[in-house]
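Spelled out from the first residue to the last, the chains are:
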Amino acid sequence: MCGIVGYVGARDATPIILGGLKRLEYRGYDSAGVAVVNGNQIEVRRDAGKLSQLVDLVSKSPLKGAPGIGHTRWATHGAPSVKNAHPHLGNSGRVVVVHNGIVENFLELREELTSEGVTFNSDTDTETIVHLAEHHMAGGLSLEEAARRTFNQIDGANVVVLISADEPDKIVTARIGNAGGVVIGLGEGENFIASDIPAILDHTRKVIFLESRQMAVVTKDSVRIETIDGGEVKPEIHTISYDAVSAEKGEYRHFMQKEIHEQVRALTDTLAGRVDFQEGRIRLPELKLTPELAKRIQRIYITACGTAAYAGMVGKYLIEKIARIPVEVVIASEFRYSDPIVDENTVVLAISQSGETADTLAAMEEGRRKGAIIWSIVNAVGSQAMRVSDGSISMQTGPEIGVASTKAFTAPLVDQYMLAILLADMRGTLDETNRRELVADLRLIPDLAGRVLDREPEVEKIAHELKDIKGCLYLGRGINMPIAYEGALKLKEISYIHAEGYPAGEMKHGPIALIDEEMPVLCLAPQDPWHEKMISQIQQAKARGGMVIAVATEGDELVAGMADHVMWIPKTPWMLSPIITVFPLQMLAYHIAATRGLDVDQPRNLAKSVTVE
Ligand code: F6R
């Protein structure tokens, strides 16, 4: 949830840390801070609000020195304020910490420390960490040993980074549980620490990922990794291929808008190397799927959160329709508690942009514990979800910075379509003609995506008309039902307008009572097998005075004659239609929020990676 950056080397740490935090601001933006070792002292600057506040503060009151650590916060314990902003200093001022996660036993630790005379200066759980480390150092331990002892005392999922003015050549960090990633960037005579790769890509592409219960001691010339119990670890060095440029806004006003438009490229890359159009076959080598394994599978659980879960609901349609394997979609935060029926012939397929969502990782662990085959569809390269999977499909979207997910929604739709074909092919349940047709349809996607995006000005006009609505119903059926959920989520999270996605057929069982001239009804009515049903839904909404905004296929006179506004999509094979129908809904939500003057990329109360349960 929070973003962390650390630097050790000969340069001044502060500009490097602020540059890195800028790339991590999507993880939290309640407050921010930075601490550096300057000579024999630790100096700290912190401010409430967004990172820009901290940047202003540092420009008025500059910081010099290294090593340094920085933090951008998504508040859990303690309101967003200066005193609760990280980094937190110990009482001696010689040790300082930044933290991501929740110290579950902090009350107990706080009581113990207070009774020993420690003064707490914030309401955070984080502060217990620095006081514990300081206490152990005062007892004669080195920073590394004091940190190790502290890591073993705190409960919960946590990422911790500590520096001390008494050992100014190093940073000590640890990852315990699923509290978000720790990536260590390897430079020449300098090293970096961050929560996520984009923060350090300007400086290096060689990285090491910390696994749970590992700690690292990082100096300018060395990185030593051990378990927090002292066990030896031989780290693997990864080279990251995407560059930092794709994490810039470019000509767009917001990252979300840029990312909506990047979907043409992202979807093209999703297909590249995986679709053999000549043979009419799909290749997903990272999934490590064999015909034997494919034939063994009796059930698939798709587990994910939010937008990723809605992508999974589309996947259920595709896999059941094409591969004829029963699929259940279970929200990751519920998976562990639903006592899922899982055995060695069950696949648990996690979908996650960040690959760090705590609930999704916990669902994967539960699947593992029960003996399932664990697969994932993940965007963030090297993330925990990818690492713990037996097989994975990597979304080829590049970094997604806007908090509202867009390209990481459409990429897994294509991934699941390809997965469905591959499974069916290996299980021998798809004849050659059908397989070739399904594969050939994939070729259309980039062009269809480009054509629907070209209609942005029309969607923007509708958005201007709708900017003051108080609520909106989103209706869909069949394979486009999850798109109604996703469209509603996009609108509510960035525009703060209440929106509800609903299966259109359920309207008459209650929600139709909501429809009057104040309640716009957005109907997904592309040319798919549920088109006729949606037409009657539009009629029912119109009969009750509702304003209908429809998503329909170009040339659909029937819909044009009934709806108040139409957002057109090109003619699309119905199984691929959710990939295309969602584009107008993303653009609509974006333009409504932008017209209302809202902070589209950093909506209130949200963060990009949800690493707390
Ligand atoms: C909504 C959104 C969230 C995420 C959810 C899962 O636009 O972005 O609903 O989809 O928090 O995140 P990941 O995909 O990182 O596991």
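The shown structure was predicted, so the numbers you read here are calculated from the model rather than taken from an experiment.

(A) Inspection of the overall build of the protein chain at higher detail. In terms of regular secondary structure, the protein chain is built from 20 helices and 26 strands. Against the 2.2 N^0.38 benchmark of 25 Å for 613 residues, the protein chain shows a C-alpha radius of gyration of 25 Å, consistent with a compact globule. For the protein chain, the spread of C-alpha atoms along the three principal axes comes to 80 × 55 × 40 Å. The buried share among the 613 residues of the protein chain stands at 62%. At a minimum sequence separation of 6, the contacts of the protein chain that also span at least 24 residues come to 72%. Here the protein chain has roughly 22400 Å² of accessible surface; of this, 49% comes from carbon and sulfur atoms.

(B) Spatial organisation of the sheet that holds strand β1 (residues 3-9). The eight strands lie next to each other as β3-β2-β4-β1-β10-β9-β11-β14, forming an open sheet whose pairing is antiparallel. Whereas interior strands pair on both sides, the edge strands pair on one side only; in this sheet they are β3 (41-48) and β14 (238-239). Two strands pair when backbone bridges link them, and β1 and strand β4 (residues 68-73) are joined in this way by five bridges, in the antiparallel orientation. Across the sheet, the residue bridging to Ile4 is His71, located in β4. Seen against the sheet, helix α2 (residues 51-60) touches β2 (31-38) and β3 and runs at an angle of roughly 135° to β3.

(C) Representation of the packing of helix α13 (residues 407-427) against helix α20 (residues 577-595) within the structure. Where α13 contacts α20, the axes come no closer than 10 Å and their chain directions differ by 175°. Judged on the interaxial angle alone, α20 and α13 are roughly antiparallel. For the pair α13 and α20, the contacting residues are Phe409, Thr410, Leu413 and Val414 in the first and Pro578, Ile579, Val582, Phe583 and Gln586 in the second. The residue makeup of the contact of α13 with α20, split by class, is seven nonpolar, two polar and no charged.

(D) Local environment of the environment of Val381. Topologically, Val381 is positioned in the loop between β20 (373-378) and α12 (384-387). In the structure, Val381 is positioned 184 residues away from Ile197 in sequence and 8.4 Å away in space, judged by C-alpha atoms.

(E) Broad picture of the pattern of salt bridges. According to the stated counting rule, one finds 44 salt bridges in the structure shown. The salt bridge involving Asp599 is made with Lys50; its shortest N-O contact spans 2.0 Å. In this pair, Asp599 is assigned in the segment after α20 and Lys50 in the loop between β3 and α2, connecting sequence segments 549 residues apart. Residue classification places Lys50 among the partly exposed positions, given a relative accessible area of 25%. The closest approach of N and O atoms between Lys83 and Asp123, which form a salt bridge, is 3.3 Å. Remark: Asp123 occurs in the loop between α3 (106-115) and α4 (127-138) and Lys83 occurs in the loop between β4 and β5 (88-89); sequence separation between them is 40 residues. Put simply, Glu144, Glu145, Arg148, Arg224 and Glu226 are held in one network by salt bridges that share partners.

(F) Region of the structure containing the packing of helix α1 (residues 13-24) against α2. Contact geometry of α1 with α2 gives a least axis separation of 11 Å together with a crossing angle of 165°. Comparing their axes, α2 and α1 come out roughly antiparallel. As for how α1 packs across α2, the hand of that crossing is left-handed. Only Leu51, Leu54, Val55 and Val58 of α2 make contact with α1, whose side of the interface consists of Thr14, Leu18, Leu21 and Lys22. A per-class count over the contact of α1 with α2 returns six nonpolar, one polar and one charged.

(G) Inspection of helix α5 (residues 143-153) at higher detail. Residues of α5 that are buried include every one of Leu143, Glu144, Ala146, Ala147, Arg148, Thr150 and Phe151, and no others. The secondary structure elements touched by the buried residues of α5 are α4, β7 (158-164), β8 (171-176), β12 (214-218) and β13 (223-227).

(H) Spotlight on the packing of aromatic side chains. Enumeration over the complete set of coordinates arrives at five aromatic pairs. Aromatic pair Tyr7 and Phe192: ring centres 5.4 Å apart, planes at 50°, arrangement tilted. Taken as a pair, Tyr7 in strand β1 and Phe192 in strand β10 (residues 190-194) lie far apart in primary sequence, 185 residues in all. With relative accessibility at 1%, the residue Phe192 sits in the buried group. For the pair Tyr301 and Phe335, a centre-to-centre distance of 5.5 Å together with 80° between the ring planes defines the contact as edge-to-face. Taken together, the residues Tyr301 in strand β17 (residues 299-304) and Phe335 in helix α10 (residues 332-335) connect sequence positions 34 residues apart. As far as burial versus exposure is concerned, Tyr301 and Phe335 are alike and both buried.

(I) A look at the layout of surface pockets. For the largest pocket, the calculated volume is near 560 Å³. If you trace the largest pocket, you find 29 residues lining it, with Cys305, Gly306, Thr307, Lys608 and Val610 closest to the centre. Taken together, domain 2 (258-443) and domain 3 (450-595) each give at least three residues to the lining of the largest pocket, which thus spans both.

(J) Highlighting the domain arrangement of the protein chain. Here the domain parsing of the protein chain yields domain 1 (3-249), domain 2 (258-443) and domain 3 (450-595). A straight line from the C-alpha centre of domain 1 to that of domain 3 covers 45 Å.

(K) Looking closely at the pairing of strand β6 (residues 95-101). Where burial is concerned, most of β6 is hidden: seven out of the seven residues are buried. Direction of pairing for β5 relative to β6: antiparallel, over a ladder of two bridges. Bridged to Leu89 within β6 is Val96. Sheet topology note: the β6/β7 ladder contains seven bridges and is antiparallel. Paired with Val98 across the bridge in β7 is Val161.

Conventions adopted
- Residues numbered from 1 in each chain as written.
- Predicted model: local features only at pLDDT ≥ 70, side-chain atom pairs only at ≥ 80, totals over all residues.
- Heavy atoms only, no water.
- Helix = DSSP H or I, 4+ residues; strand = E, 2+ residues; numbered from the N terminus.
- Rg over C-alpha atoms; globule rule 2.2 N^0.38 Å.
- Buried < 20%, exposed > 50% of the residue type's maximum accessible area, 1.4 Å probe, protein only.
- Contact = heavy atoms within 4.5 Å.
- Areas by Shrake-Rupley, 256 points an atom, 1.4 Å probe, with all protein chains shown as cover.
- Pairing = 2+ DSSP bridges.
- Axes fitted to C-alpha atoms, helices over the stretch in contact; angles between N-to-C directions.
- Parallel < 35°, antiparallel > 145°, perpendicular 65-115°, else oblique.
- Nonpolar A, V, L, I, M, F, W, Y, C, P; charged D, E, K, R; others polar.
- Salt bridge = Lys/Arg side-chain N within 4 Å of Asp/Glu carboxyl O.
- Left-handed = near helix turned anticlockwise from the far one by under 90°.
- Phe/Tyr/Trp six-rings, centres within 6.5 Å; stacked < 30°, edge-to-face > 60°.
- 1 Å grid on protein atoms, 1.4 Å probe; cavity = no way out; pocket = protein on both sides within 12 Å on 5 of 7 lines; lining within 4 Å.
- Points joined across faces, edges and corners; volume = space filled by probe spheres on them.
- Domains from an automatic or database assignment.

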